[in-house]
Amino acid sequence: MRPHRSTLRLLGSLLLATALGASLTGATAPRPGATDTTSPLDRIIPAPSSVTPGGTPYRITDRTRIHVGESREARQVGEYLAGLLRPSTGYRLPVTARGTGGIRLRLAKGPYGEEGYRLDSGRDGITITAGRPAGLFHGVQTLRQLLPAAVEHDTVQSGPWTVPGGTVEDSPRYAWRGAMLDVSRHFFSVAEVKRYIDQLALYKLNKLHLHLSDDQGWRIAIDSWPRLATYGGSTEVGGGPGGHYTKDDYREIVRYAASRHLEVVPEIDLPGHTNAALASYAELNCDGVAPPLYTGTEVGFSSLCVPKEITYDFVEDVVREIAALTPGRYLHIGGDEAHSTSHEDYVRFMDRVQPVVAEYGKQVIGWHQLTGATPAEGALVQYWGLDGTDAAEKEQVAAAARNGTGLILSPADRVYLDMKYDASTPLGLNWAGYVDVRRSYDWDPAGYLPGAPDSAVRGVEAPLWSETLEDSGHIEYMAFPRLPGVAEVGWSAAGDRGWEGYRERLAAQAERWGVLGIGFHRAAGVPWPSA
Ligand code: NGO
């Protein structure tokens, strides 16, 4: 964190306000004798750009209102905030257009960008100001983290609901702060995906990448190729029942994500990782014979048939239907581990398929192997190599970046949340090594890939592959406590963060996770409160 900009003037007003607060403002200052549970203003993940503590705390009471002005989107954020606060406070918290005092969500011109905000907290109220609704939403997450963890309960708690006084000014370092969930190796229900979305929102992540197809399962209904979902989605790793999202299910995920200011990025992995599709339609195979469904965990054995015309009819139908369902800008076409596709076929396939994505109005994203072909103009590639990946492979990606391809960084030995923490982790994989909490936090996206310009880096994304993960409990054990660290890598300026301060802030999240029912891993090296 940068040093707080506390000044003499602020210190003066702090002393004055404290003196006044004690005598005149009993309603907003903590009750005499009540335990002061007020959290320090800077105990937030991800670390804000600037924090200036000072002034009297604000206390939410049964008279507090949420003022949102005339904007429909600001009202939605206000309703979301009220929905968070009502169950535990037991207060009515009406959301109104105008009024004074209370909590105010204000859209205004200013230096906030797409996602930045300013939060001012003092005796008379809290004002969150942003240029865009996403900024208001992120400001609300900051407010939430400043309230006692008990606010996360869904039954009435005693409070007091006190927010420290001062100002937070904040905006993200990177526009892309993502999490990927593999719903193919094991299928996750709409409710499980929503639960993860809520957890991502708490740490200001803004992209949910869904890995919707792989060898073990096709998870999204496609009207023109119905067997993809009904047959290709009928199992999963280990032979369980699998499942798929109907179009309405998927729309509901997209809607819910949007209500938390996350954009859904659908991935259909091509031309490898396609056994579920090849098993569903014999005609997609070069030899015309459908392979059996697959429930193991090998990779690299399947490929669409590049020379066959029907392959491109299939791809176009899938791209068209998914693009129509997806309001977001991007469509991820995979492209990793196409070990059963010759290099020549891979290049031919990508040359033909990328324009189809553009035709349906979407921007291509691919895993970084796409740089072995020619990434389309405006494409992004997702780097999933290791610190130790050989220089030639890194240089191929860096060269594409110099040529205008954007980079999303997902180094597997840093941010793959499916990697075991250490040898004793009961879930997860270890092909990229063990990834402890510090390792996933303590790295910098700028300069990470030698030779790639910093301007090419759009941000970071934490993938969670599900070969070994079957339910929300498993997701949370692997994502917590590493996910908030990746969120901070994506949001906070390099100079505003550091492991020593971070581990203290991380430990302070544990109480909130407890209330939210998040069964996190009590990783070594973090000063967790006693259980
Ligand atoms: C690799 C592979 C996936 C695995 C994952 C497991 C990528 C991009 N392709 O990452 O199929 O599930 O590792 O960690």
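Located above this text is the structure these notes cover.
Residues numbered from 1 in each chain as written. Predicted model: local features only at pLDDT ≥ 70, side-chain atom pairs only at ≥ 80, totals over all residues. Heavy atoms only, no water.

Colleague: Please provide a residue-by-residue account of unusual backbone geometry, values included.
Modeller: For the peptide bond that leads from Ile45 to Pro46, omega is -5 degrees, which places it in the cis range. Along the chain, Pro46 turns up in the loop between α1 (8-24) and β1 (50-53). The amide bond that connects Phe480 to the next residue, Pro481, takes the cis arrangement and shows omega of 20 degrees. For Pro481, the position within the fold is in the loop between α13 (472-479) and α14 (482-491). Positive phi outside glycine occurs at His273, with the angle close to 55 degrees. Counting through the fold element by element, His273 comes out in the loop between β14 (263-270) and α7 (275-280). The phi angle at Glu337 is positive, at roughly 45 degrees, despite the residue not being glycine. (Helix = DSSP H or I, 4+ residues; strand = E, 2+ residues; numbered from the N terminus.)

Colleague: So what's going on with the side chain of Gln216? Which residues, and what values?
Modeller: Tracing the backbone shows Gln216 in the loop between β12 (213-214) and β13 (217-218). Within the structure, the side chain of Gln216 is placed 2.8 Å from the backbone oxygen of Gly296, a separation counted as a polar contact. If we skip the residues at most four places from it in the chain, Gln216 touches Ser184, Arg185, Gly232, Thr235, Glu236, Val237, Ala276, Tyr294, Thr295, Gly296, Thr297 and Glu298. (Polar contact = N/O pair within 3.5 Å; in protein donor to acceptor, adjacent residues only side chain to side chain. Contact = heavy atoms within 4.5 Å.)

Colleague: Can you lay out the site of the ligand for me, pointing to particular residues and giving the numbers?
Modeller: In the vicinity of the ligand there are 14 residues, among which Arg185, Asp336, Tyr416, Asp418 and Glu467 approach most closely. Residue Asp418 places a side-chain N or O atom 2.7 Å away from an oxygen atom belonging to the ligand. Side-chain polar atom of Glu467 to an oxygen atom of the ligand: 2.6 Å apart, as the coordinates give it. When the free accessible area of the ligand is taken as 340 Å², the share hidden by the protein chains comes to 98%. By residue class, the composition of the shell around the ligand is 8 nonpolar, 1 polar and 5 charged. (Near = heavy atom within 4 Å. Areas by Shrake-Rupley, 256 points an atom, 1.4 Å probe, with all protein chains shown as cover. Nonpolar A, V, L, I, M, F, W, Y, C, P; charged D, E, K, R; others polar.)

Colleague: Let's hear about the packing of helix α2 (residues 72-89) against helix α3 (residues 133-146): which residues, and what values?
Modeller: Where α2 meets α3, the closest approach of the two axes is 9 Å, and the angle between their N-to-C directions is 20 degrees. When the axes of α2 and α3 are compared, the pair comes out roughly parallel. In this structure, the crossing between α2 and α3 has a hand that is right-handed. Packed against α2, whose contacting residues are Glu73, Ala74, Val77, Tyr80, Leu81 and Leu84, the element α3 presents Pro133, Leu136, Phe137, Val140, Gln141, Leu143 and Arg144 at the interface. Considered class by class, the residues forming the contact of α2 with α3 number 10 nonpolar, 1 polar and 2 charged. (Axes fitted to C-alpha atoms, helices over the stretch in contact; angles between N-to-C directions. Parallel < 35°, antiparallel > 145°, perpendicular 65-115°, else oblique. Left-handed = near helix turned anticlockwise from the far one by under 90°.)

Colleague: Summarise the packing of helix α4 (residues 190-202) against α13; cite the residues concerned and give the values.
Modeller: The N-to-C vectors of α4 and α13 enclose an angle of 25 degrees; their axes lie 10 Å apart at closest approach. Here α4 is positioned roughly parallel relative to α13, judged by the angle of their axes. Taken as a pair, α4 and α13 cross one another with a handedness that is right-handed. Listed contacts from α13 to Glu192, Arg195, Tyr196 and Gln199 of α4 are Ser472, Ile475, Glu476 and Ala479. Here the contact of α4 with α13 is built from residues that sort into 3 nonpolar, 2 polar and 3 charged.

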